Every structure is written in structure tokens, then in C-alpha cells.
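Each chain, written out:
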Amino acid sequence: MEAIYHDPETGLRLDRATRRLILTFLFTAFVVLGGAAIAALLVALTRAPAIRLLWPSAYYMALTFHGILALTIWPHVFEAAIWLWVGTSLLRTRLISPALGWLAYGLAALGILMILGTVASGKASVMYTLYIPLRADPLFYLGHVLYAVGLLVLMILFGLNLLKARAEGTYTGSLPLLTYGMAVCAILTVISIIGAVAAFVPATLWAFRILVEKVDPLYFKAAFWSMGHTLQYTNITAMVVAWYATATFGVKAKPVSEKFSRWAFALYLVTTLPVWMHHLLVDPTWSHAVKWIGATFIGILLGIPSAMHGLAVPASVEKTLRSRGAPGLWGWLRQWGWDNPSMVLLAFSIVLFGIGGFDGTVGTTMQLNMTRHNNMWIPAHIHGALAGGTTLAFMAFSLGFLPHLGFEIKGKGWAKFQAWLTGIGFLILMTGMHWGAHLGVPRRMQDIRFVGADAPVPNWFASMNLLGIGGTLAAIGILLFVII
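The rules behind each value
Residues numbered from 1 in each chain as written. Predicted model: local features only at pLDDT ≥ 70, side-chain atom pairs only at ≥ 80, totals over all residues. Heavy atoms only, no water. Helix = DSSP H or I, 4+ residues; strand = E, 2+ residues; numbered from the N terminus. Rg over C-alpha atoms; globule rule 2.2 N^0.38 Å. Buried < 20%, exposed > 50% of the residue type's maximum accessible area, 1.4 Å probe, protein only. Contact = heavy atoms within 4.5 Å. Areas by Shrake-Rupley, 256 points an atom, 1.4 Å probe, with all protein chains shown as cover. Lys, Arg positive; Asp, Glu negative; His and termini not counted. Charge placed at Lys NZ, Arg CZ, Asp CG, Glu CD. 1 Å grid on protein atoms, 1.4 Å probe; cavity = no way out; pocket = protein on both sides within 12 Å on 5 of 7 lines; lining within 4 Å. Points joined across faces, edges and corners; volume = space filled by probe spheres on them. Nonpolar A, V, L, I, M, F, W, Y, C, P; charged D, E, K, R; others polar. Salt bridge = Lys/Arg side-chain N within 4 Å of Asp/Glu carboxyl O. Axes fitted to C-alpha atoms, helices over the stretch in contact; angles between N-to-C directions. Parallel < 35°, antiparallel > 145°, perpendicular 65-115°, else oblique. Polar contact = N/O pair within 3.5 Å; in protein donor to acceptor, adjacent residues only side chain to side chain. Phe/Tyr/Trp six-rings, centres within 6.5 Å; stacked < 30°, edge-to-face > 60°. Lys NZ or Arg CZ within 6 Å of the ring centre and 35° of its normal. Core = buried A, V, L, I, M, F, W, Y, C linked by side-chain atoms within 4.5 Å.

Novice: I keep staring at the overall build of the protein and nothing clicks. Help me out?
Specialist: The helix and strand tally for the protein stands at 14 helices and 2 strands. In terms of overall dimensions, the protein is globule-like: its C-alpha atoms have a radius of gyration of 22 Å, near the 23 Å expected for 484 residues. When the backbone C-alpha atoms are referred to their principal axes, the protein occupies close to 70 × 60 × 45 Å. The buried share among the 484 residues of the protein stands at 58%. A separation threshold of at least 6 residues defines the contact pool for the protein, and within that pool the share at least 24 residues apart is 81%. Surface accessibility of the protein: about 19,200 Å² in total, with carbon and sulfur atoms responsible for 71%. Positive and negative side-chain charges of the protein, numbering 31 and 17 respectively, have mean locations separated by a distance of 3 Å.

Novice: Whenever I open this one, empty space enclosed by the protein confuses me. Can you help?
Specialist: Over the atoms rolls a probe the size of a water molecule, and its path tells where empty space is left. In the structure shown here, the tally under the stated rule is 5 cavities of 30 Å³ or more. Thr72, His144, Phe200, Met227 and Leu231 are, among the 15 residues lining the largest cavity, the residues nearest its centre. Of all the secondary structure elements, the ones that give two or more residues to the lining of the largest cavity are α2 (56-86), α4 (138-168), α5 (177-208) and α6 (217-251). Classifying every residue of the lining of the largest cavity by side-chain character gives 12 nonpolar, 3 polar and no charged.

Novice: It is not clear to me how the pattern of salt bridges should be interpreted in this structure. Could you clarify?
Specialist: Evaluated as defined, the whole model comprises 6 salt bridges. In this structure, Lys221 engages Asp283 in a salt bridge whose closest nitrogen and oxygen atoms are separated by 2.6 Å. Separated by 62 residues along the polypeptide, Lys221 in helix α6 and Asp283 in the loop between α7 (258-271) and α8 (288-323) bring together distant segments of the chain. Here Lys221 and Asp283 have matching classes, each one buried. Between Arg322 and Glu318 there is a salt bridge, with its nearest N and O atoms 2.8 Å apart. Here the residue Arg322 and the residue Glu318 both occupy positions in helix α8, the gap between them amounting to 4 residues, near one helical turn. With relative accessibility at 33%, the residue Arg322 sits in the partly exposed group.

Novice: What am I meant to see in the packing of α2 against helix α3 (residues 98-120) here?
Specialist: Helix packing for two helices is described by the angle between their axes and how far apart those axes are. For the pair α2 and α3, the least separation of the axes is 10 Å and the interaxial angle reads 170°. Put simply, α2 runs roughly antiparallel to α3. Here Met61, Thr64, Phe65, Ile68, Leu69, Ile73 and Val77 of α2 come into contact with α3, specifically with Ile112, Ile115, Leu116, Val119 and Ala120. Of the residues that constitute the contact of α2 with α3, the class distribution is 11 nonpolar, 1 polar and no charged.

Novice: Whenever I open this one, the side chain of Gln418 confuses me. Can you help?
Specialist: Looking at the element boundaries, Gln418 is found in helix α13 (residues 412-439). Discounting residues that sit within four places of it in the chain, Gln418 has contacts with Leu345, Met395, Gly477, Leu480, Phe481 and Ile484.

Novice: Even after reading the chapter, I still don't get the layout of surface pockets, so can you show me in this structure?
Specialist: Its volume calculated, the second largest pocket comes out at about 620 Å³. Along its surface, the second largest pocket is lined by 23 residues, and Leu12, Trp85, Leu90, Leu178 and Thr248 are the ones closest to its centre. Elements with a minimum of two residues in the lining of the second largest pocket: α5 and α6. No other element matches α6, which puts 4 residues into the lining of the second largest pocket. Among the residues forming the lining of the second largest pocket, the class breakdown is 13 nonpolar, 5 polar and 5 charged.

Novice: Explain the environment of Ser121 to me, please; I cannot follow it from the model alone.
Specialist: Counting through the fold element by element, Ser121 comes out in the loop between α3 and α4. Considered as a pair, Ser121 and Met61 are 60 residues apart in the sequence and their alpha carbons are 9.2 Å apart. In terms of polar contacts, Ser121 uses its side chain to reach the backbone carbonyl oxygen of Thr118, at 2.6 Å.

Novice: Sorry if this is basic, but what is going on with the environment of His288 here?
Specialist: Inspection of the secondary structure assignment puts His288 in helix α8. Taking the relative accessible area as the measure of exposure, His288 reaches 51% and is therefore exposed. Considered as a pair, His288 and Cys185 are 103 residues apart in the sequence and their alpha carbons are 30 Å apart.

Novice: Help me understand the packing of aromatic side chains in this model?
Specialist: Given two aromatic rings, one states the distance between the centres and the angle between the planes to describe the pair. Inspection of every chain in the model, using the stated rule, returns 33 aromatic pairs. With a centroid separation of 5.0 Å and an interplanar angle of 90°, the aromatic rings of Phe224 and Trp225 are classed as edge-to-face. The burial state of Phe224 is the same as that of Trp225; both residues are buried. Here the aromatic residues Phe30, Trp74, Phe78, Trp85, Phe249, Phe394, Phe397, Phe401 and Phe481 are joined through ring pairs into a cluster of three or more. A cation over an aromatic ring shows up here: Arg135 above the ring of Trp206, its NZ or CZ 4.0 Å from the ring centre. For the cation-ring pair, Arg262 lies above Tyr180, with the distance from its terminal atom to the ring centre recorded as 5.2 Å.

Novice: In this structure, what is going on with the nonpolar core? I would like to understand it.
Specialist: Of all hydrophobic cores here, the largest spans 154 residues; its most connected members are Trp85 and Phe140. At 20 residues, α6 tops the list of elements feeding residues into this core. With residues up to four places along the chain from it excluded, the contact list for Phe140 reads Ile68, Ile115, Thr118, Val119, Ala124, Val126 and Leu130. In this structure, Val43, Leu54, Ala62 and Leu63 belong to the second largest nonpolar core, which totals 7 residues.

Here you go:
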């Protein structure tokens with residue numbers, strides 16, 4: 001294989017075209033992450049009542065930017081680089097069609113520019129959920145369609161490369177664990193795109209006022225979350241892949257049991273799909289029995305594969321460090337690699353995801369959902385499981401992965417500081433959110449003072465100011481990472 005870079009540590013090689021594509025997706029993802037962090041900073045400083053930085057229209061614009069950049073664009077553009085890596089280098093084969101890779105990137109990039117351009121124009125401040133009957137600029141919906149088609153082209157390319165590697169005989173038996181995990185991720189992504197078609201095609205025609213005069217709000221919400229929640233589990237599956245890879249990069253850890261880890265990945269295909277129903281628990285759609293089975297019962301089962309990975313990854317690190325002589329019961333934990341920013345971010349990612357996962361189980365439980373659906377509990381879940389868990393995992397992966405592409409991480413002292421700052425910032429942020437949730441602080445509100453009310457709710461202020469502090473620290477930490 002013609003290689004521009006041969007990694008002497010792993011023996012893996014990347015051809016010129018694949019490496020260029022990987023770096024392009026990574027660079028784009030880092031730029032998007034920086035934008036998401038800036039929007040997050042604006043939102044945090046507005047939700048903090050001591051500052052209230054933005055006025056309502058600007059707040060909802062910033063919130064839309066933050067949600068779309070952080071939950072949709074940043075993770076999936078980053079995952080594209082992982083798909084390309086595990087589908088070529090780990091299988092010791094070349095990319096079957098670099099042209100398809102650039103087509104995927106071009107479609108996604110054009111869609112991203114259309115989405116962000118319409119939000120910046122002030123004509124699409126409809127937040128991440130973009131619920132109908134709120135009507136955004138038609139190009140906003142068309143941008144989502146193009147972005148989804150770009151992802152679909154990438155999934156086709158990944159699948160073709162798996163078939164190519166098998167036909168060439170470059171690997172025998174099962175796929176490598178990381179490739180296997182990203183194959184599960186790809187299947188979930190394709191299923192999500194089916195939901196995206198059901199949601200966005202009618203919405204796009206409705207926005208352009210072509211053929212479709214009205215879209216039922218409950219239909220759109222159901223179709224949107226059949227896409228939206230499944231799509232977030234593509235992020236979580238890729239997050240777990242990043243966990244295993246980071247443990248290998250950091251301490252050369254290997255899974256204690258690949259069979260155990262493979263079963264955990266496979267379970268995501270069974271447990272993920274019906275759980276999007278929990279977004280409809282407060283809506284007059286299906287019966288309570290259907291909602292309880294789809295959301296609550298299977299929602300509890302959904303925690304099983306994540307818990308399996310949450311045990312397996314630290315266990316792989318523990319086994320490796322004990323084999324090197326880590327003393328006592330907790331000696332391996334002291335030798336985790338607390339001077340390595342990649343391993344620090346990995347530890348914070350696992351902890352934050354564990355907290356956010358618990359929050360999600362509460363959110364899928366019908367009775368508890370009624371008291372948590374529209375307060376700060378839901379942002380706490382999202383910022384633990386996705387913003388904290390996934391983003392910190394991808395940051396940890398980046399710091400371990402880029403040296404294997406021939407890049408030296410500059411400013412290692414700053415990288416270590418950034419890792420601790422971001423992790424601690426997220427813990428403070430989630431503390432403020434949980435505290436506010438127990439007091440009943442509503443989400444998606446620019447101000448907690450309620451204009452026209454006789455008096456503000458005094459016990460809300462401290463929790464939301466704490467949220468502002470944590471959000472500021474986390475956003476600064478992420479921006480430092482992007483700079484590094």
C-alpha cells in the first residue's frame with residue numbers, strides 16, 4: 001500500500017487520499033466544536049441571572065446554534081474520520097473510492113453552511129428540535145436534507161470498504177473490535193436517516209410551500225425523534241469506540257474480553273430503536289401501554305450495554321496496569337495516567353456519561369418524566385451523556401490519535417490544564433442543572449424572572465449562577481482544546 005505515513009508504533013499505514021480526507025473531516029469538526037463552545041458560552045452567561053447577557057431573540061439564536069452544532073454537526077463530522085480510519089487502516093486496505101468520500105464531505109459541508117447561514121440570518125431560531133408549527137427559512141430544512149444525504153454517502157462508502165477488505169482477504173474472522181463498533185454505529189446512522197427522511201422531506205416541502213400545506217406537529221415530533229434519539233446513539237456508540245482506542249493509545253490496554261464488548265455493541269441495535277418514544281410521553285399519541293414498553297421498559301434495558309462498556313474499559317486499563325505491577329487494591333487507579341491529558345479526559349468522559357445515563361433513565365420513566373420533562377433535568381442528561389461523555393471522549397481520542405498520523409501535540413502543559421478545566425467545568429455545570437431541576441427551574445427560558453410577575457422565584461438564582469460558572473469553565477476548556 002502506498003503510504004504517506006507509516007506508524008512505527010502500531011505498524012498501521014494510511015494512503016495519501018484517506019489521510020487527507022481524515023484530516024479534512026477532523027479540521028472541520030474542530031472548527032464546528034469551537035463554534036459550539038462559543039454559542040454555549042453565550043447561553044450559559046444568559047441563563048445565569050447575575051449576568052443575563054443576551055436578549056430573548058439573540059438567546060434563541062445562540063441556543064439554536066449551540067444545539068445543532070454540538071448535537072448534530074460536531075459529533076458526526078468527527079465520526080466520519082473514525083469511520084475512514086477503522087475502515088481502511090485497521091483493515092489494512094485502501095479506500096475504495098476517495099471521490100465518494102469527497103462527495104460525502106461536500107454535501108455535508110454545503111448542508112452545514114445552509115443551516116448555519118439561515119440561523120445567523122435570524123430566520124431559523126427554532127432550536128435543535130425545530131418543532132413545527134415554528135417555520136424556519138426553507139433553506140434551513142434543505143440544508144438538513146443535504147447533510148443527511150452526505151452522511152448516507154459516507155455510510156455507503158464505509159460498507160463498500162468492508163466488502164472490499166473481505167474480498168481482498170486483508171483480515172480474517174471477525175472485524176477488529178473498533179471497526180465492529182463503528183459498523184454498529186453505521187447501521188444506527190442509516191436507520192436514523194430513514195427517520196430524517198420522514199421528518200424533513202415533508203417539512204422542506206411545507207417550508208417552501210410546495211405540495212404540502214400542513215404538517216401535523218405530532219407527526220413531525222414522532223418522525224424527528226425517531227431520527228434524533230437514534231442519531232444520538234450513533235454518537236454514544238462512537239464514544240465507546242473512542243474509549244477503547246484512547247485506553248490503547250494511553251496505556252496500551254486491550255479489552256479484557258472482546259466477546260463481552262462485542263455483545264455490548266450488538267445490544268445497542270436491539271435496545272436503542274424504540275426508546276425515542278420517551279420524547280412523546282407527555283403527548284396525546286399512542287397508548288400508555290405502548291409508551292411504557294417502548295420508552296420506560298426498553299429505556300431501562302438500554303442502560304445495560306452502556307454499563308457493560310463502562311465496566312469493560314476501566315477493567316482493561318486495570319488489567320494492563322496490574323500486569324505492570326500496580327500495587328494494592330487501588331494502585332492501578334493512582335497510575336491511571338493523571339499527567340496524560342488524554343487519559344484525564346477519558347476518566348471524566350466515563351464519569352459524566354454515567355451521571356447523564358442515570359438522568360436518561362429517569363427521563364424515560366413515565367411517572368418521573370412528568371416531573372422532569374420541561375425543567376433543567378433534561379439539559380443535565382444531554383450535557384452528561386452527550387456533551388460531556390461524547391465530546392470529552394472525542395477530545396481524548398484526538399490527543400491520542402493525532403500522533404499516530406504524524407502530528408506532535410503542542411503545548412502539552414496547556415493540554416493537561418485544559419483537560420482538568422473542561423472536566424471540572426462540566427461537573428459544576430451539571431451540579432447547577434440538577435440543583436435547578438429539583439427546584440423546578442424551566443429549560444429553554446432566556447430569563448427566570450418572568451416579566452410581569454409580582455416577584456421572582458428567589459431560590460432559583462444560586463443554581464443558575466452555578467450553571468453559568470460551570471458552563472463558562474467548560475466552554476473555555478473546549479476552546480483551549482480547539483486552539484491546542
